[in-house]
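These are the residues of each chain, in order.
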Amino acid sequence: LQRLVFQFLWGERRPSLVRRCILYQPTSEGGLGLVHLPSKLRFLLLKGIFAACENMSYPFAFFVSFLGGFVLRSFFPQVFSNSQLIVLSPPQVYLQLRDTCDRVVRAGGPRVLFDMVPSTIYPFLYRSMLFPVGTSGIQNVSLPVPGVWRSVNCKVLDNRLKDLSWRVAHGILVTNQFRLSRWGLGDGRCPRENCRSIETVRHLLLECPHVEMVWGWYIRLVNMYINCMGWGYGNFVLYGVSPPPGCPPWVRVVLLLLTAIIKKFIWNSRCRLVFDRENQPARNIISLSQGDMQLRMEADHARLPVVDFSRRWREPVVYYRDGVPRMKWV
């Protein structure tokens, strides 16, 4: 099952782009919230024994404790002997088991095992078991901007937009610079015509001359919605942080959705150029982004109640013609 999960995430790529210990973290900390299946199975098998030993109201709880100790003394008498010194310090595995039991008792008993992250139950064993599994696309997941994972997992983004934003935030978008630094393939240059810069994630999404027209249109649109002259939009485009000053929360959500859609079509345009040799002009990215936003707004208008729709889509982003909402563009 573990192998199938990671094959679904990365395909046949070896090694994985992100270490597994990062993927097990919750989404609020940059992971995917994956379940560590070996530990889950281990505690499922031990749940009955834990419950029997903890709840003394069970008629067989005393016999489980007594017979368990009797069997251990029969097979390992030297461990329970007080006549001679056995070891000065217990082995590491016993320390791990002791710490695990102490944590479980302090947290409220074995019933909490299903709600705890494996790394908090047995941290030493968890780290030693997971770290050698695969190399990570990044060595440090901490980013220079706070609140990035809240923007990555914004509820208005669908799964594809969340996945793209998650990869951009981790720096694992497979650009030419990534292929050169990770696998030693290619020259790391931008595939666009008349652009010989190194194709980093920032260059691909922000600094490439091919996308200057797109972000120029984006800034004019934001200035039409709210006056934000001199706003540095780089961190907002890449990580969804540092919104325009004085930006209302609902405008920030709409701009976050529009930014993610633009990044999606920029990445699709780049992939078409690399794999299909199809050069898509920047104005097509603008028209596709407008059409996608219009479709999402119409879908929300069809499925959401009037109150919820008016909270998410308001003027001046939306105007009404004959009772039908429409997006306002530059």
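See the structure printed just above.
Residues numbered from 1 in each chain as written. Predicted model: local features only at pLDDT ≥ 70, side-chain atom pairs only at ≥ 80, totals over all residues. Heavy atoms only, no water.

Asks: Break down the overall build of the protein chain for me, with residues and values.
Replies: Scanning the protein chain from terminus to terminus reveals 16 helices and two strands. The buried share among the 330 residues of the protein chain stands at 38%. The long-range share in the protein chain, meaning contacts at least 24 apart out of those at least 6 apart in sequence, stands at 57%. Surface exposure of the protein chain reaches about 19300 Å², of which carbon and sulfur atoms provide 58%. (Helix = DSSP H or I, 4+ residues; strand = E, 2+ residues; numbered from the N terminus. Buried < 20%, exposed > 50% of the residue type's maximum accessible area, 1.4 Å probe, protein only. Contact = heavy atoms within 4.5 Å. Areas by Shrake-Rupley, 256 points an atom, 1.4 Å probe, with all protein chains shown as cover.)

Asks: Can you lay out the state of the cysteines for me, pointing to particular residues and giving the numbers?
Replies: Inspection of the entire model under this criterion finds zero disulfides. Between Cys 190, a free cysteine, and Cys 195, which holds the nearest cysteine sulfur, the sulfur-to-sulfur gap is 3.9 Å. Judged by its relative accessible area of 5%, Cys 190 falls in the buried class. (Disulfide = S-S within 2.5 Å.)

Asks: Lay out the packing of helix 12 (residues 212–225) against helix 14 (residues 249–276) in plain terms, naming residues and giving numbers.
Replies: Between helix 12 and helix 14, the least distance of the axes is 12 Å, while the angle of their chain directions is 170 degrees. It follows from the interaxial angle that helix 12 and helix 14 lie roughly antiparallel. Contacts between helix 12 and helix 14 involve Val 214, Trp 215, Trp 217, Tyr 218, Leu 221, Val 222 and Tyr 225 from the former and Leu 255, Leu 258, Thr 259, Ile 262 and Ile 266 from the latter. Broken down by class, the residue content of the contact of helix 12 with helix 14 amounts to eleven nonpolar, one polar and no charged. (Axes fitted to C-alpha atoms, helices over the stretch in contact; angles between N-to-C directions. Parallel < 35°, antiparallel > 145°, perpendicular 65-115°, else oblique. Nonpolar A, V, L, I, M, F, W, Y, C, P; charged D, E, K, R; others polar.)

Asks: Outline a nonpolar patch on the surface, supporting the account with residue identities and numerical values.
Replies: Taken together, the side chains of Leu 41, Leu 44 and Leu 45 present a nonpolar region at the surface, about 320 Å² in accessible area. Here Leu 44 shows up in helix 3 (residues 37–54). (Patch = residues over 30% accessible without salt bridge, like charges linked within 9 Å, V, L, I, M, F, W, Y side chains within 5 Å. Salt bridge = Lys/Arg side-chain N within 4 Å of Asp/Glu carboxyl O.)

Asks: If you had to explain the packing of aromatic side chains to someone new, which residues and values would you point to?
Replies: Per the counting criterion, the structure on display carries seven aromatic pairs. Here the aromatic rings of Trp 217 and Trp 329 are separated by 5.9 Å at their centres, their planes lie at 35 degrees, and the arrangement is tilted. In this pair, Trp 217 is assigned in helix 12 and Trp 329 in the segment after strand 2 (324–327), connecting sequence segments 112 residues apart. Assessed through its relative accessible area of 4%, Trp 217 is described here as buried. Aromatic rings pair up to connect Trp 215, Tyr 218, Trp 231, Tyr 233 and Phe 236 into one cluster. Across the ring face of Phe 6, the terminal group of Arg 20 is positioned such that the distance to the ring centre comes to 4.0 Å. (Phe/Tyr/Trp six-rings, centres within 6.5 Å; stacked < 30°, edge-to-face > 60°. Lys NZ or Arg CZ within 6 Å of the ring centre and 35° of its normal.)

Asks: A description of the pairing of strand 2 should follow, citing residues and the corresponding values.
Replies: Burial along strand 2 is one-sided: the residues Pro 325 and Met 327 are buried and none of Val 324 and Arg 326 is. Two strands pair when backbone bridges link them, and strand 1 (residues 318–321) and strand 2 are joined in this way by four bridges, in the antiparallel orientation. Opposite Arg 321, over in strand 2, you have Val 324 as the bridge partner. Linking two consecutive strands that pair antiparallel, namely strand 1 and strand 2, is a turn of two residues; a positive phi of about 60 degrees is found at Asp 322 within it. (Pairing = 2+ DSSP bridges.)

Asks: Break down the environment of Arg 252 for me, with residues and values.
Replies: Positionally, Arg 252 belongs in helix 14. Placed ten residues apart in sequence, Arg 252 and Ser 242 show a C-alpha to C-alpha distance of 9.9 Å. In this view, Arg 252 contacts Arg 150, Ser 151, Phe 236, Gly 240, Pro 243 and Cys 247; residues no more than four positions away in its chain are not counted.

Asks: Give a description of helix 12 that names residues and reports values.
Replies: The terminal C-alpha atoms of helix 12, which comprises 14 residues, lie 20 Å apart, in line with the 20 Å expected from a rise of 1.5 Å per residue. When we look at burial in helix 12, the residues that qualify are Val 214, Trp 215, Trp 217, Tyr 218, Leu 221, Val 222 and Tyr 225. Across the axial projection of helix 12, the buried residues extend over an arc of 155 degrees, all falling on one side. In this structure, the buried side of helix 12 is in contact with helix 11 (201–207), helix 13 (234–239), helix 14, helix 15 (282–303) and strand 2. (Expected span 1.5 Å × (residues − 1). Arc of directions from axis to C-beta.)

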